[in-house]
Each structure stands twice: as C-alpha cells, then as structure tokens.
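Analysis of the macromolecular model
Here is what each chain is made of, one letter per residue.
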Amino acid sequence: MVKEKVGRSIHFPGIKPVAELVVRECGGLPLPIDNVARTFRKGRNVSLWRDALNNLRRWENTQGMDEVLEFLRFCYDNLDSDAKKVCFLYGALYLEEYDNYIDYLLECWRAEGFIPDADESIHDKNAFRDARDKGHAILDDLINVSMLESSEKRKCVKMNKVLRDMTLKISSQIGSKFLAKPCEGLEELPNHEEWKQANRISSMDNELCNLPEALDCCDLLMLFVSLEEFSVIIDSSKQSRDKIVEAVTTEVASLEKLTSLQFCFPKVDCLEIFVTSPAWKKVSCLTFQFAVGDHASTCFQILKSFDYPSYNRQTLVNSEGVNLVISKVLMETHAFALINHKGASRLSDFGIENMDNMLVCLLERCDEIETNINGDVITKGVLECLEELLINNVHKLESIWQILR
C-alpha cells in the first residue's frame, strides 16, 4: 500500500527504512498507513518521514481501542487546515454509517462558517458558487485520506463507527463539546446538565414528541432535532389555504440570512411575494427548490433524480400563461420543469435569455407547446449550458428549433 501511494519517492535515499518503521508503528491499520502515505507521496525529504514517525510514537502508551483511536488522532492532526479539521469533526453529529447528502452537508458547513471566505456580506455574484467549490474541495480531500467514505447511495458520504468515536473524543479534548445522540430511541431530551454544557447538539431520528418550554444553553451554536410528528392543520378550502400560505410566505421572505429554501407556492402571486423580498436580493447566496401551481406533494421528486449539480430547481405545474416572475426566477434556475401548462406555444416564450444557467429541462403534458425555440429572433447562442432536455406527452410538438423566415 505504501509503495502504491507514495510512488517513486519511496526509493529516495534514507526514506524506505523510515517508511517501514512508520508502517510498523501504524500497527497494520489501513487508515493511518493510507493517510501517512498520501501525505508524503511527494515528500523526498527523509526529515519529514522521521517527524511523522516521532508523532506516531507519541501514542505508544495506549492499548486496545484507545490505541486505534490515538492512531486515528494522528491522521486528524495531519490534516493541513483548520477548515478540514472542523468539517471532519462535524461528521460525529450524525449516526455512524449514516448516508449524508453532500449538498445538505455543504450547506451546514457553510452556515456554520467552516468554509473559508463564505461570507454573506460579500456581494460578488460568484461568492456562493466559490464557497460551494471550496466545500467540495474539502470534502474530496477528506475522502482521499479516508476520513470520510463515499456512500453506495449516490451523492452521499458517510463515516464509520471507529472514526465517529474518535471525532467525539477529539471534540471533547479541544473544547468543542458535542452532545450527539442520534437514532437512540429517545422519547425525552437528555438531562439538563448535558444540554447546558454542549455547544452542538444532535438528537435526530429519535422518538421525541415535544421540546421543553425553555432551555438554559447559552453556549449552544447548533441544534439538530427532529420531532416524531409536526403538523399544521388548516381549513381544507382553497381560499383559506391560500391566505395562510401568503402569510407564511411573507414571514419566510423576511429572513434576510436565509441560505436554502424548499417551498410549494400555490400560485405565482405567492412566489412574487418572495421574489420581491430582501431574501431574494441575496439570491447569489441562496439555493432553492420551488414548485409553483396546484400540484401534488411529490412534484419535488421530479427533478431530484437527475445526477446534476442542479442546486436551484423550479417546477411550474398546472398553470397558465407567461409571468414575469417565473422568468425572473428562471435566470437563477439550473433545473426547470414545465408540467401540464397552458397558454404558451413555445418554451422560449418564458425568455430564452433567462435560461443561460439551465442544465436540465423537462416538458410534460404541455398540450399547447408546438416548438421549443423561435429561431427567428435569436441572434446568439442559446441554452449553452443545457445538458439534458426531456419531453414527455407533448402531443402538438413539431420542432425543437423553429425558423419561419
């Protein structure tokens, strides 16, 4: 394994004997061996190898599982940035072997301020994209040194039990106090003293039915908790429902630090409330999944199955006509679905200039669509980012690109 990871550097003078001692100190454990080898694959200085050997020998006085954990602590100490260390420790808040969606994990890292330069005060339209790119780079590095694992479930990563135990131990040693009790069958929250001392709490996937009215946890920075059931019961009449949705939309629109939103808008007027709000003004720092129109709750799944980095999704269902609000949101949309829509004969009616960022487009049961693009008014390249166009049950469709002149 060492020869494979280190490459030709292993043959430089003095390195091979020290490398053999390093392997011996690793006790045959694949993770420390892999980590050390990857770290020094370009290292031709024998001093670096001797320093690594000395660092490993610091943990010789431990036995059994403690020995394994301390070897893994060496791997943690060897991470080359504080950002990578804190992002790695964050994994302890989830259950071991838990399939964590990458997009969700990056959102959490960003919200916590772990990703360098992910500053909401920066008004550069590329700041959000750059922050995600940095998050992906950190994630790839952690996977490459075997601190996190790629899951068999697409777009997910996970952490094994041994590594999770180590992260909890390290977090307590460095003063970052985690109270991590996910999926333990809890019906009530842990005792008050545990809450009071923790600065990050995870009690996801338990059987909690309520939360206490007040909690004394002044050091708390993050709380993950899921109740067994949360319901909002409203009158079944459409008029009453729309009024409540409008009120909720107005409240959500006031959240100026919002970074991610999934919302079903029953009509375009509700979407307009949000798009004209302070939250939308920072759209470069926002990811969204919007569904607009009278639709079933499953509509969000339509675009989630595509293997694209389509962070922003918009689905328009059972609607009519072309609205400027929809076109405005399209400018920030990566995946767009038009389903059972009336009052538009072309996709380009929504403004082909608004689709420069579109990666995926789905047209389904749009009986009035005859062509996608009116080529007569096009003077430059269009849909240059489009990777997949899906058309289903569009019976009047005659062409993708129409030129009449």
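Residues numbered from 1 in each chain as written. Predicted model: local features only at pLDDT ≥ 70, side-chain atom pairs only at ≥ 80, totals over all residues. Heavy atoms only, no water.

What about the sheet that holds strand E11 (residues 360-364)?
- Strand order across the open sheet formed by six strands is E7-E8-E9-E10-E11-E13, with parallel pairing between neighbours. Each end of this open sheet is capped by a strand with a single partner; those strands are strand E7 (260-265) and strand E13 (388-392). Averaged over all adjacent pairs, the angle separating strand axes in this sheet is 5°, with direction ignored.
- Judged from the four bridges that link them, strand E8 (residues 287-292) and strand E9 (residues 313-317) form a sheet pairing that is parallel. Along E9, the bridge assignment pairs Ala-291 with Thr-315. (Pairing = 2+ DSSP bridges. Helix = DSSP H or I, 4+ residues; strand = E, 2+ residues; numbered from the N terminus. Axes fitted to C-alpha atoms, helices over the stretch in contact; angles between N-to-C directions.)

Concerning the sheet that holds strand E3 (residues 156-158)
- The antiparallel open sheet is built from three strands, whose spatial order is E1-E3-E2. Of all the strands in the sheet, the pair left with one neighbour each is strand E1 (100-101) and strand E2 (149-150).
- Bridge count between E1 and E3: two bridges; the pairing is antiparallel. Paired with Asn-100 across the bridge in E3 is Val-157.

Focus: the packing of aromatic side chains
- Tallied over the entire structure, the rule returns 12 aromatic pairs.
- Judged by centre distance (6.3 Å) and plane angle (40°), the ring pair of Tyr-76 and Phe-88 falls under tilted. With a gap of 12 residues between them, Tyr-76 in helix H5 (residues 64-77) and Phe-88 in helix H6 (residues 82-89) connect regions that are remote in the sequence. Residue Tyr-76 shares its accessibility class with Phe-88, and that shared class is buried.
- A ring pair is formed by Phe-263 and Phe-265, whose centres lie 4.5 Å apart and whose planes are at 20°; its orientation type is stacked.
- On the accessibility criterion, Phe-265 (0% relative accessible area) is buried.
- One aromatic cluster in this structure is built from Phe-263, Phe-265, Phe-274, Trp-280, Phe-288 and Phe-290. (Phe/Tyr/Trp six-rings, centres within 6.5 Å; stacked < 30°, edge-to-face > 60°. Buried < 20%, exposed > 50% of the residue type's maximum accessible area, 1.4 Å probe, protein only.)

Description of the environment of Lys-177
- Relative to the assigned elements, Lys-177 resides in the loop between helix H9 (161-173) and strand E4 (178-180).
- Among the residues examined, Lys-177 registers a relative accessible area of 43% and is labelled partly exposed.
- Placed 24 residues apart in sequence, Lys-177 and Ile-201 show a C-alpha to C-alpha distance of 8.7 Å.
- Filtering out sequence-adjacent residues up to four positions away, Lys-177 remains in contact with Ser-171, Gln-197, Ala-198, Asn-199 and Arg-200. (Contact = heavy atoms within 4.5 Å.)

Some words on the confidence of the model for the protein chain
- Residue-level pLDDT values for the protein chain average 75, and 66% of them are 70 or greater.
- Here helix H14 (residues 301-304) is the element of the protein chain with the lowest mean pLDDT, 50, and helix H15 (residues 324-330) is the one with the highest, 94.
- Contacts for the low-pLDDT stretch residues 60-64, under 50 throughout, to residues beyond four places or in other chains number three contacts.
- Note on residues 297-302: pLDDT is under 50 here. Beyond four places in sequence and across chains, it has 10 contacts. (pLDDT = per-residue confidence, 0-100.)

Overview of unusual backbone geometry
- You will see that Asn-318, though not glycine, has its phi angle at about 55°, which is positive.
- For Asn-318, a relative accessible area of 37% gives the class partly exposed.
- The backbone phi angle of Leu-383 is positive, close to 50°, even though this residue is not glycine.
- With respect to the element layout, Leu-383 can be found in the loop between strand E12 (371-374) and E13.

Concerning the pairing of E11
- A large share of E11 lies buried, amounting to five of its five residues.
- Of the two faces of E11, the one lined by Val-360, Leu-362 and Glu-364 and the one lined by Cys-361 and Leu-363 are each fully buried.
- As paired strands, strand E10 (residues 335-339) and E11 are joined by five bridges and run parallel to one another. Looking at the pairing, Ile-339 lines up with Glu-364 of E11.
- Across five bridges, the pairing between E11 and E13 is parallel. The partner of Leu-363 across the bridge, within E13, is Ile-391.

As for the pattern of salt bridges
- Applying the stated criterion across every chain yields a total of 11 salt bridges.
- Where Lys-84 meets Asp-141, a salt bridge forms, and the shortest distance between an N and an O atom there is 2.8 Å. Separated by 57 residues along the polypeptide, Lys-84 in helix H6 and Asp-141 in helix H8 (residues 127-144) bring together distant segments of the chain.
- Residue class for Lys-84 comes out buried when judged on its relative accessible area of 12%.
- Ionic pairing is found between Asp-165 and Lys-161, a salt bridge with its closest N-O pair at 3.1 Å. With Asp-165 and Lys-161 both in helix H9, this residue pair falls four residues apart, about one helical turn.
- For Asp-165, a relative accessible area of 28% corresponds to the partly exposed category. (Salt bridge = Lys/Arg side-chain N within 4 Å of Asp/Glu carboxyl O.)

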